[in-house]
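For reference, the chains in residue letters:
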Amino acid sequence: MGTPLLFATLGGVLSERAGVIHLGMEGIMLVSALVTFVVDLQTGSKVLALVGAMMAAGALSGLHGFVCISLRGNQIASGLALALFGTGLSGLFGDALIGSTVTSLDRIPIPGLELIPILGSAFFNQDWMVYLSYVLVAGLWFVLFHTNWGLQIRSVGEAPIVCDALGLSVAKIRYICVIFGGMLIGLGGAYFPMVLTSFWVDDLTAGRGWIAVALVIFAFWHPGKAFWGAYLFGAAIAFQLQAQVMGLKIPSYILEMFPYLLTIVVLTVVTVRNRRAGQTFMPAALGLPFFRGDKH
Amino acid sequence: MSVQVAVTVGSIVLALILGSVLLALVGVNPMEAYPSVGALMFFDQWGWQDLFLKMTPLLLTGLGVAIAAQLNLWNIGAEGQLYLGAIATTWLALEFSESLDAHFMLPILLIGTFVAGGMWAAIPAGLRSWFGVNEIITTLLLNYVAISLADYLLFGAWRDPSTLNFPMTRSFGESSYLPMIGSTTVHWGLPLGILLAVLTWILLKSTTIGFQIRVAGDNLSAADYSGFNTKNLLFIVLVLSGAVAALAGMTEVAGIHHRLQQNFSINYGYTGIIVSRLARNHPIGVIGTAFLLAVIFVGGELLQVEYQLPIAVVYLFEGLLLFTVIGSELFLSYRLRRRVAV
Amino acid sequence: MIPVLELQKIHKEFPGIVANDQIDLTLNRGEIHTILGENGAGKSTLMNIISGLYIPDSGSMLLEGKPLHFKNPAQAIAKGVGMVHQHFMLIPNHSVSENIILGTPQAFRLQKSKVRQQIEELGRRYGLELNPDLRVQDLSVGEQQKVEILKVLFRGAKILILDEPTAVLTPQESEALYKILHQMKKDGHSILFISHKMREVIELSDRITVLRHGKVKATRNRGETSPSELARLMMGESTIQTGEIQIKTSKASSDQSQNKTIVRLKNAGLRHELGHCLLQNINLEVRAGQIVGLAGVAGSGQAPLAEVLVGLRGLDTGKYQFAGEEQKGASISELIHKGVGYIPEDRKRYGIAPHLEVAENFLLRNLHNNQFQSRGWLQRDKVTAFGRDRMRAFDVRAASEKTPIGQLSGGNMQKVILARETSRPLKFLLAAQPVRGLDIHATAFLQNQLLQARADGLAILLISEDLEELLLMSDYLYVICQGSIVGEMPKEEAEIEKIGLLMTGERA
């Protein structure tokens, strides 16, 4: 349950580190889930399905990038537009798919590691997309904090004016991060038909994209913390589903509120704690369009 | 002003053109669909009455969002506030409409829903005001909570056993029906919305609290240094925003369905964000833009009926419209920038 | 010898203004060439053209005799032209080394230790030693400037442009900078130096070019000019002769010590939320009819002190007495009622609501005034009439009282703020950097107004980083450093050198 959140959160981290809020995650995830489902249904190839999902997600993010970076539109509003547009697209084109099914990915246990008590089977007896997500966590961390690219990405998110004066192309770096970030979000959407549900329903991602938006904040825009955050919330959602299966005496609609209320509580705690510590981890130029010649 | 209107019209036309491409992809000929939908909408009695009915919740949620925007706050929770307003209205109506007549019932519904919506919005408002918690995320997540709450009631305590297990409550007593205007099917929710929009405008322009809101919205630090209590202002504005949006829930259940039922809102709350944005958050402007969005809604419904498309087609058009509107803002802000820069 | 840089007939216009009018300029190898001029004379525009930020409308630029056109700053840097901006172009959240290497060619995986070595080596050569691992936000202003210079040198710049580099430095830090500049000059670098501080210009420069209204007025060699000649070139003959811009001399009335104390801080202390000290054991008095100056390097505690005095924050320790009454806790509106006026340092950020009308901006900090409201309703006619009236009285130039105030020039904006703050009965005025960035006429107008207010019995605390301004205006001076008052003296005993030393925390 945590894996789609993790992919989406990593995508959000990458994009927001460069200064562009990716609020439209829900829309991107829905569209990429749809593309995955369709390609899988047509070709039977999981890899092709994934490539298709990433291309679709990249294209939608490119649209978001165009509005936010080139047209300097409001990033929050553009994210909302993307969420609506994506929901509309997946609803319109997914209508014909309701009722069809695809197969799920197999689990591939990693010899040795899977035998670790409790955590072993949870983390190392999984499908290959889960392992891919681990690699992405480490990879994104390395790129952001130990490479020249990462320095440029973080700088564009902190002070685009400075970067521009030093001859970096703010727009180019932001486009790359928004589109690649969107592709990672797309992986999160693809994970639903790949693993979680074998049949198509309307609104397949059921609000997970919005939780991922919040997760980016409590991960402090850090890939490593995104990992723990995503699995914590994955566990919360799994608990809610388990509780329903086990017939716990809590009405299911009250349980449904649980992940959302938890998100609000954790967000509050994190915000208050950071304020006390006088720290902001937020990239300084997050959400601000860049105009050359702006005075600061 | 004329430039603004021109740019807005341009962005609407662009959204329609882009939408027509997507319609063509699912096998609908837009050259055929647009005129026939337009004719049904404007020249058919059912059509224009439905336009005004759809406009009402959009006006109220749009106004709610616009009120929050005066302080640069994003109320993305209008959908949840609308649900909560509907729940409050339903509770009051089920509880009292048998024993009270309309003279008492309607004010009770109005005030009760307004207060309930305000209290619901007080959660993100308080968190934002006193703990600095980002209201975009909290208002958004509370949407899911409010919808779950409605489902919980509809599948539980409030389900009408006589409806063959459909998730809906029993019908309200007639004293809780919003009256219709003349012999139309349009209820008094629309004039209420217009009145509230005008009142909001007067509040902002002509009162000291409105002045404080305008200063704080323009420059929060300057408001602090003027001795205004900006934390309270943030709180009040967000609460007011939620209270107004909640009234959309009241007009829907008391004006149209006369009961609470599942999925009674077609994203009216989220659409309120577009209504407000399109009007550049101007309280009077939302009257016009709510009508525009109603056109998209009714158009979508007609496409649904005529061409068997899912309701998602409405979201599609909304998303496109919002994109073109934000994109077009560049042209307006550029002009402004150049003027200020000199 | 071919000059390293030659400008020929550079012309640049902005809507309504000719910023640079047919400018010719040469820069030789190993030369410090100063560009002198008032605010708005076109210095910054010219430097931005040389460093590639602006593209000139016409004219040509020759580098080592070869014509070229920069389309952006990166091209200028690549050709060895680097600029140190007045407002530092640094990323506070990043380390010194990250700031320095940003945008330079580097290996994909950052070689952090190699970079550190390079920076330390460069630092040793020019006296710019810094720990490359520190975050920029933890550095002093002087150190941040070193980072800026290192950034330019790291990129191999041969021509350095420094835009008013000493405006934010203490006299001692400025001396250190002069040494660095001499060292760079010896190494064959050429330097364009922008300033309007006469003394340093005369001491430092090999040549001086004076700009006025976007035109070159004259170029003078070292030792062939005098401060008075330069001043005349800079400001124009007529203004000097009419004496219009001179401010009335500040003469302390002898009986000031008998005046009522309006503001008194006793052992005042304030802590940051994180626990470190912002203000420590501050004792300070301002009397009616007195201008008290507060000298200090930027960031020495002036901002928290101002926040306490206007009521944004309450003290953690000690007492704040206002007009004899103890002020408990923080309340801006209460202090407004008691007669506190405030001219904030950052006027755009704290002083105005830019999109509201000029007249409406008179209501900020005045909203409680019953003249403008009755039972919660604004009296719009009275607001407009009042605004128009005050604008006339303070000679505020704007299209009308309904113009959004953000469209006004800095000087006119500042006049509105002063007019607003003095439009209600006032006992105390806190003026933080009231003339920063204003032209000479607006400066004189504001300073005269402050002196007039003092004559009318107002208590004024003047916070400034400009020692000359403080000495000109104040009756009594305090020096603040790292949140403590490190010295105080009546005007007669004040000397620039002594205050400068105190500002840096050294005992005089």
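Computed from a predicted structure; not experimentally measured.

### A word on the overall build of chain B
Counting its secondary structure elements, chain B contains 13 helices and 0 strands. Along chain B, from the amino end to the carboxyl end, the secondary structure elements read α-α-α-α-α-α-α-α-α-α-α-α-α. In terms of C-alpha radius of gyration, chain B reaches 21 Å, essentially the compact-globule figure of 20 Å for 342 residues. In terms of its C-alpha atoms, chain B occupies a principal-axis envelope of roughly 70 × 50 × 35 Å. Taken over 342 residues, chain B has a buried fraction of 60%. Across chain B, contacts joining residues at least 24 apart in sequence account for 77% of those joining residues at least 6 apart. As displayed, chain B has an accessible area near 13000 Å², and 67% of this comes from carbon and sulfur atoms.

### Some words on the packing of helix H12 (residues 252–276) of chain A against helix H5 (residues 102–131) of chain B
Following both chains from N to C, one finds H12(A) and H5(B) inclined at 10°, their axes separated by 11 Å at the closest point. With respect to each other, H12(A) and H5(B) are oriented roughly parallel. Facing A:Ile264, A:Thr268, A:Thr271, A:Val272 and A:Arg275 of H12(A), the residues of H5(B) in contact are B:Leu127, B:Trp130 and B:Phe131. Across the contact of H12(A) with H5(B), the residue classes break down as 5 nonpolar, 2 polar and 1 charged.

### Details of the pattern of salt bridges
Within the structure shown, the criterion is met by 31 salt bridges over all chains. Taking the shortest distance from any N to any O, the salt bridge between C:Glu64 and C:Arg29 comes out at 3.5 Å. Here C:Arg29 lies in the loop between strand E2 (17–27) and strand E3 (32–36) and C:Glu64 lies in the loop between strand E4 (58–63) and strand E5 (66–67), a separation of 35 residues in the sequence. Assessed through its relative accessible area of 43%, C:Arg29 is described here as partly exposed. In this structure, the salt-bridge partner of C:Arg116 is C:Asp133, at a minimum N-O distance of 3.2 Å. One end of the pair, C:Arg116, is in helix H4 (residues 112–126); the other, C:Asp133, is in the loop between H4 and helix H5 (141–154), and 17 residues separate them in sequence. Members of the salt-bridge network, linked through shared partners, are B:Arg214, C:Glu357, C:Glu360 and C:Arg380.

### Looking at the environment of C:Asp475
Residues and elements named next belong to chain C. On the secondary structure map, Asp475 appears in the loop between helix H17 (467–473) and strand E21 (476–481). Residue class for Asp475 comes out buried when judged on its relative accessible area of 5%. Measuring from C-alpha to C-alpha, the distance between Asp475 and Lys491 comes to 5.2 Å, with 16 residues separating the pair along the chain.

### Looking at the interface of chain A and chain B
Each partner contributes to the interface: chain A provides 45 residues, whereas chain B provides 44 residues. Taken together, both faces of the contact between chain A and chain B bury some 4000 Å²; the carbon and sulfur share is 82%. By the criterion of area lost to chain B, the three top residues of chain A are A:Leu84, A:Leu92 and A:Tyr253, representing 17% of everything that side buries. At the junction of chain A with chain B, the criterion picks out 0 salt bridges. Put simply, chain A and chain B have 2 residue pairs in polar contact (both at pLDDT 80 or more) between them. Only helix H3 (46–70), helix H4 (75–94), helix H10 (208–218) and H12 of chain A provide two or more residues apiece to the side of chain A that touches chain B.

### Quick notes on the side chain of C:Glu357
All names here are of chain C. Within the secondary structure layout, Glu357 lies in the loop between helix H12 (347–351) and helix H13 (358–361). Accessibility expressed as a relative area gives 15% for Glu357, which makes it buried. Sequence-distant contacts of Glu357, that is, excluding residues within four places in its chain, are made with Arg380, Glu401, Lys402, Thr403, Pro404 and Ile405.

### A closer look at the sheet that holds strand E22 (residues 484–490) of chain C
Residue and element names in this part refer to chain C. Taken together, 6 strands build an open sheet; the order of strands is E16-E19-E20-E13-E21-E22 and the sheet is mixed. Every other strand in the sheet has two partners, leaving strand E16 (340–343) and E22 as the edge strands with one partner each. Averaged over all adjacent pairs, the angle separating strand axes in this sheet is 20°, with direction ignored. Bridging between strand E19 (residues 428–432) and strand E20 (residues 459–464) involves 5 bridges; their strand directions are parallel.

Scoring rules and cut-offs
Residues numbered from 1 in each chain as written. Chains lettered and ligands numbered in written order. Predicted model: local features only at pLDDT ≥ 70, side-chain atom pairs only at ≥ 80, totals over all residues. Heavy atoms only, no water. Helix = DSSP H or I, 4+ residues; strand = E, 2+ residues; numbered from the N terminus. Rg over C-alpha atoms; globule rule 2.2 N^0.38 Å. Buried < 20%, exposed > 50% of the residue type's maximum accessible area, 1.4 Å probe, protein only. Contact = heavy atoms within 4.5 Å. Areas by Shrake-Rupley, 256 points an atom, 1.4 Å probe, with all protein chains shown as cover. Axes fitted to C-alpha atoms, helices over the stretch in contact; angles between N-to-C directions. Parallel < 35°, antiparallel > 145°, perpendicular 65-115°, else oblique. Nonpolar A, V, L, I, M, F, W, Y, C, P; charged D, E, K, R; others polar. Salt bridge = Lys/Arg side-chain N within 4 Å of Asp/Glu carboxyl O. Buried area = accessible area lost by both parts, 1.4 Å probe. Polar contact = N/O pair within 3.5 Å; in protein donor to acceptor, adjacent residues only side chain to side chain. Pairing = 2+ DSSP bridges.

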